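# Tertiary structure, described
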Amino acid sequence: DVKVTQSSRYLVKRTGEKVFLECVQDMDHENMFWYRQDPGLGLRLIYFSYDVKMKEKGDIPEGYSVSREKKERFSLILESASTNQTSMYLCASSSRWTGILYEQYFGPGTRLTVT
Amino acid sequence: TQLLEQSPQFLSIQEGENLTVYCNSSSVFSSLQWYRQEPGEGPVLLVTVVTGGEVKKLKRLTFQFGDARKDSSLHITAAQPGDTGLYLCAGPSGNTGKLIFGQGTTLQVKP
């Protein structure tokens, strides 16, 4: 059974704190993604990684950074958390693009509240 | 910029009713996907449509890809409470495996 796991389901942090969200996949996928999900806005891509140490900015990268030191692990970092980063964060993985649209497998999400 | 617009954004119906959710764009997509997300979980893929005019059925769910590959629809026959969730359409963004998502349709089916 394929699996994407996220380090926390719920997280409460204070404004200005550095926050780490961890994601691990066991499918040997090349691609990994971080999204944030807000009501009425769907899923918005924060960062995308297509290989170890390789990353690409998504649509809303401001205030975030990422790290991918191992193929199975993709971390999202909030350098200095702000209240407007309160959201649901979803990690996903997929096979490398070969011209075919592959399924993205999602973790259960981390609901982050910044107070 | 590619955009996917879903309608309606919210739907509340009684068990046994039929419904249709729409996903529209002004851009042509090579393929489109539909995902369902249940409360507290990540989205799960329901279907991928790749050919203009294609119709795919998954039990009581029927998916259609428009002839011009700019739109798609999801029709549910005789909805059940287990169909409750957020339905998202998604299409490829560029050629790296990234997706763009519609804003979602929240479906509530009351017993």
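Residues numbered from 1 in each chain as written. Chains lettered and ligands numbered in written order. Predicted model: local features only at pLDDT ≥ 70, side-chain atom pairs only at ≥ 80, totals over all residues. Heavy atoms only, no water.

## What to know about the nonpolar core
Counting residues in hydrophobic clusters, the biggest one holds 23 residues, and the most contacted among them are Leu19, Trp34, Phe63, Leu74, Ile76 and Leu107 of chain B. Elements that contribute at least two residues to this core include exactly strand E2 (10–14), strand E3 (19–24), strand E4 (32–37), strand E5 (44–49), strand E7 (61–65), strand E8 (71–76), strand E9 (85–92) and strand E11 (105–110) of chain B. Those residues in contact with Leu19 of chain B that sit more than four places away from it in its chain are Leu11, Ile13, Leu74, His75, Ile76, Ala79 and Leu107 of chain B. Counting residues in hydrophobic clusters, the runner-up holds 21 residues, among them Met32, Ile46, Ile60 and Leu76 of chain A. (Core = buried A, V, L, I, M, F, W, Y, C linked by side-chain atoms within 4.5 Å. Buried < 20%, exposed > 50% of the residue type's maximum accessible area, 1.4 Å probe, protein only. Helix = DSSP H or I, 4+ residues; strand = E, 2+ residues; numbered from the N terminus. Contact = heavy atoms within 4.5 Å.)

## Re the state of the cysteines
Using the criterion set out here, one finds two disulfides over all chains in the structure. Through a disulfide, Cys23 of chain A is tied to Cys91 of chain A; the S-S separation comes to 1.9 Å. The S-S bond linking Cys23 of chain A to Cys91 of chain A shows a torsion near -75°; that makes this disulfide left-handed. Of the two residues, Cys23 of chain A sits in strand E3 (residues 19–25) while Cys91 of chain A sits in strand E9 (residues 87–94), which places them 68 residues apart along the sequence. Disulfide pairing places Cys23 of chain B opposite Cys89 of chain B at an S-S distance of 2.1 Å. Handedness of the Cys23 of chain B-Cys89 of chain B disulfide follows from its S-S torsion of about 75°: it is right-handed. On the criterion of sequence distance, the pair formed by Cys23 of chain B in strand E3 and Cys89 of chain B in strand E9 is long-range, its members being 66 residues apart. (Disulfide = S-S within 2.5 Å.)

## Considerations on the packing of aromatic side chains
Tallying each qualifying case throughout the model produces 10 aromatic pairs over all chains. For the ring pair Phe48 of chain A and Tyr50 of chain A, a centre distance of 5.9 Å and an interplane angle of 45° mean the geometry is tilted. We classify Tyr50 of chain A as partly exposed; its relative accessible area is 29%. For the ring pair Phe106 of chain A and Phe101 of chain B, a centre distance of 6.3 Å and an interplane angle of 70° mean the geometry is edge-to-face. With Phe106 of chain A in strand E10 (residues 105–106) and Phe101 of chain B in strand E10 (residues 99–101), this pair bridges two chains. Since its relative accessible area comes to 9%, Phe101 of chain B is described here as buried. Three or more aromatic residues joined by ring pairs form one cluster here, namely Phe33, Tyr35, Phe48, Tyr50 and Phe106 of chain A together with Tyr35 and Phe101 of chain B. (Phe/Tyr/Trp six-rings, centres within 6.5 Å; stacked < 30°, edge-to-face > 60°.)

## A short note on the sheet that holds strand E1 (residues 4–6) of chain A
Residue and element names in this part refer to chain A. Strand order across the open sheet formed by four strands is E1-E3-E8-E7, with antiparallel pairing between neighbours. The two strands at the open ends of the sheet, each matched to only one other strand, are E1 and strand E7 (64–70). Shown here is a sheet whose adjacent strand axes are inclined to one another by a mean of 20°, direction ignored. Relative to strand E8 (residues 73–78), E3 runs antiparallel, the two sharing six bridges. Bridging across to E8, Val24 finds its partner in Arg73. (Pairing = 2+ DSSP bridges. Axes fitted to C-alpha atoms, helices over the stretch in contact; angles between N-to-C directions.)

## Thoughts on the sheet that holds strand E6 (residues 55–58) of chain B
Residues and elements named next belong to chain B. Spatial ordering of the open sheet is given by E1-E3-E8-E7-E6, a layout of five strands whose pairing is antiparallel. Because the sheet does not close on itself, it has two edges, and the strands there are strand E1 (5–7) and E6. Between one strand and the next, the sheet's axes are offset by a mean angle of 15°, whatever the strand orientation. With three bridges connecting them, E1 and E3 associate as antiparallel partners. Within E3, the residue paired with Glu5 across the bridge is Asn24.

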